[in-house]
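Listed below are the residues making up each chain.
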Amino acid sequence: MSPRSRLIDPKGWIFLAALGAFCVAVPVLNLVVPEGSGLHLPTYLVALFGKYLAYALLAVSLDLVWGYCGILSLGHGAFFALGGYAMGMYLMRQIGPRGVYGNPVLPDFMVFLNYKELPWYWYGFDHFAFAALMVLLVPGLLAFVFGWLAFRSRVTGVYLSIITQALTYALMLAFFRNDMGLGGNNGLTDFKDLLGFSVQSQNFRVGIFVATGVALALGYLIARFMTVSAYGKILIAVRDAESRTRFLGYRPEHYKTLAFTVSAMMAGVAGALYVPQVGIINPGEFAPGNSIEAVIWVAVGGRGTLVGAALGAVLVNYAKTVLTGAMPDAWLFALGALFVVVTLFLPRGLVGTAVERLGGRRAAAKLPPEPAIAPKLAEEGQGS
């Protein structure tokens, strides 16, 4: 079976169909169904569901490197936050003289802190195209440099996880500083419009929700294409037997760096779509706890499945919304207990376990090593 024909497997079709139906149903229930009807969906729920989809895209990006490459990143929240800050900077430049201080160039927090001119790294963010480029470029460049140095040095396992966590913690401390020119601990907020549309309007909320759903579908397809191709075979071989793959003549650091960079760019897009829907971005998004929580999403849904990662993000965040409203102090205990239960009784996650029980063992990326992969790569290398 060719990689093209395997691009979307049965569970992928189900996922895309469900996502498409969801992205159609939510706007209809919000815009078409009258407010007095019991089926009407309030606008605040549209924004909440859009936030869930942004988290799902972040989870898919993490699953790409953890599930298929064996890179347990505890710093993916940094790439998510960097993409969010890039979008936030654009939104701040759109405020212009409508701010509290009425300065047409400087954001309110800069006027309050007695900035005399706009910092150089804010130049260009008054253009959406430039901001969109930075959403991809900044997280991608950071991931490329970090990955190139770490993977060339053959840093793996828990050591790599600790370094990624240190990276996001260092960025959090840096962004908390007022002299960074990014709002300090208050971050960026009070957004007015995006591409001429008010971010508070009902139509914008629906539009950004649909855009997030489309981005999630594209992110899934990109990750799926990478993992079912010949490149994906080598990624799995690196995950299961990196030394053996290197001895066969491959350069694992090149494959890992590419996957890590693409994953970071996907996380940046998720952050950029998240910010207009929640109305704020601050250094708290860099907190290591957020990255660890994303790992739990993937573990619950099933790492190495992509679909499971997205499902886990939605389910866990829905549970968070419900429990923090009913019992705010109990959420962290519930999250920890969920992770322990999944680790002990559902090591493949919800989707991975379901696929396995349905007989599709090869449909999910298997957690135990697959000895057949490396010899197959060797045969292909000898044949070429």
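**With respect to the overall build of the protein**
From N to C terminus, the protein includes 14 helices and four strands. Relative to the 2.2 N^0.38 estimate, which gives 21 Å for 384 residues, the radius of gyration of the protein is 22 Å and therefore close to what a compact globule would have. On the principal axes, the C-alpha backbone points of the protein span a range of 70 × 50 × 40 Å. Looking at the 384 residues of the protein, the share that counts as buried comes to 51%. Summarising the internal contacts of the protein: among those between residues at least 6 apart in sequence, 78% fall at separations of at least 24. As presented, the protein carries roughly 17800 Å² of accessible surface, and 68% of it is formed by carbon and sulfur atoms. Measuring between centres, the 27 positive side-chain charges of the protein sit 9 Å from its 19 negative side-chain charges.

**Quick notes on the packing of helix α5 (residues 128-152) against helix α6 (residues 157-175)**
α6 packs onto α5 with a crossing angle of 145 degrees between their chain directions and a minimal axis gap of 12 Å. The hand of the α5/α6 crossing is right-handed. On α6, the residues that touch Leu142, Phe146, Ala150 and Phe151 of α5 are Leu160, Ile163, Thr164, Leu167 and Leu171. Grouping the amino acids of the contact of α5 with α6 by side-chain chemistry returns eight nonpolar, one polar and no charged.

**A word on the packing of aromatic side chains**
This structure, assessed with the given rule, holds 20 aromatic pairs. Between the aromatic rings of Phe22 and Phe209, the centroid separation amounts to 5.6 Å while the plane-to-plane angle is 70 degrees, which identifies the pairing as edge-to-face. Pair noted here: Phe22 is in helix α1 (residues 10-32) and Phe209 is in helix α7 (residues 202-228), with a separation of 187 residues, a long-range link. On the basis of relative accessibility, which here comes to 30%, the residue Phe22 falls in the partly exposed class. Ring pairs connect the aromatic residues Phe22, Phe49, Tyr52 and Phe209, which therefore count as one cluster.

**Considering the nonpolar core**
Counting 107 residues, the largest nonpolar core has Trp122, Leu188 and Phe286 as the members making the most contacts within it. Ranked by residue count, the leading element in this core is helix α2 (residues 43-66), at 17 residues.

**Here's the deal with helix α11 (residues 307-326)**
Compared with the 28 Å implied by 1.5 Å per residue over 20 residues, the 29 Å span of α11 between its first and last C-alpha is a close match. Buried residues in α11 make contact with α1, α2, α7, α10 (288-301), α12 (331-345) and α13 (349-357).

**Here we look at the pattern of salt bridges**
Applying the stated criterion across every chain, the model contains 11 salt bridges. Here Lys11 ties to Asp9 by a salt bridge, and the two come within 2.6 Å at their closest N and O atoms. By the burial criterion, Lys11 is buried, and Asp9 matches it. A salt bridge links Asp240 to Arg239; its shortest N-O distance comes to 2.8 Å. As far as the burial class goes, Asp240 and Arg239 line up, both buried. A single salt-bridge network, built from bridges that share partners, covers Asp9, Lys11 and Arg224.

**Some remarks on the side chain of Thr245**
For Thr245, the position within the fold is in helix α8 (residues 230-247). Reaching out from Thr245, the side chain makes a polar contact with the backbone oxygen of Ala237 at a distance of 3.2 Å.

**Regarding the environment of Ala309**
Within the secondary structure layout, Ala309 lies in helix α11. Taking relative accessible area as the criterion, Ala309 reaches 0% and is therefore assigned buried. Apart from the residues within four sequence positions on either side, Ala309 is in contact with Ala59, Val60, Asp63, Trp297, Val298 and Gly302.

**Here we look at the packing of α2 against α11**
Two elements in contact, α2 and α11, have axes separated by 7 Å at closest approach and are oriented at 135 degrees. Put simply, α2 runs oblique to α11. The two elements α2 and α11 cross, and the hand of that crossing is right-handed. When α2 is examined against α11, the residues Leu48, Tyr52, Tyr55, Ala56, Ala59, Val60 and Asp63 are found in contact with a partner set consisting of Ala309, Ala310, Ala313, Val314, Asn317, Tyr318 and Thr321.

**Observations concerning the confidence of the model for the protein**
Mean pLDDT for the protein: 89, with 92% of residues reaching 70 or above. Every residue in residues 1-5 is under pLDDT 50, and counting partners more than four places away or in other chains gives three contacts. pLDDT under 50 marks residues 369-378. Its contacts with residues more than four places away, or in other chains, come to 19 contacts.

**Some remarks on unusual backbone geometry**
The residue Asn114 is not glycine, and still its phi comes out positive at about 65 degrees. Locating Asn114 in the fold gives a position in the loop between α4 (108-112) and α5. Look at Asp190: it is not a glycine, yet its phi comes out positive at around 65 degrees. On the basis of relative accessibility, which here comes to 36%, the residue Asp190 falls in the partly exposed class.

Rules behind the numbers
Residues numbered from 1 in each chain as written. Predicted model: local features only at pLDDT ≥ 70, side-chain atom pairs only at ≥ 80, totals over all residues. Heavy atoms only, no water. Helix = DSSP H or I, 4+ residues; strand = E, 2+ residues; numbered from the N terminus. Rg over C-alpha atoms; globule rule 2.2 N^0.38 Å. Buried < 20%, exposed > 50% of the residue type's maximum accessible area, 1.4 Å probe, protein only. Contact = heavy atoms within 4.5 Å. Areas by Shrake-Rupley, 256 points an atom, 1.4 Å probe, with all protein chains shown as cover. Lys, Arg positive; Asp, Glu negative; His and termini not counted. Charge placed at Lys NZ, Arg CZ, Asp CG, Glu CD. Axes fitted to C-alpha atoms, helices over the stretch in contact; angles between N-to-C directions. Left-handed = near helix turned anticlockwise from the far one by under 90°. Nonpolar A, V, L, I, M, F, W, Y, C, P; charged D, E, K, R; others polar. Phe/Tyr/Trp six-rings, centres within 6.5 Å; stacked < 30°, edge-to-face > 60°. Core = buried A, V, L, I, M, F, W, Y, C linked by side-chain atoms within 4.5 Å. Expected span 1.5 Å × (residues − 1). Salt bridge = Lys/Arg side-chain N within 4 Å of Asp/Glu carboxyl O. Polar contact = N/O pair within 3.5 Å; in protein donor to acceptor, adjacent residues only side chain to side chain. Parallel < 35°, antiparallel > 145°, perpendicular 65-115°, else oblique. pLDDT = per-residue confidence, 0-100.

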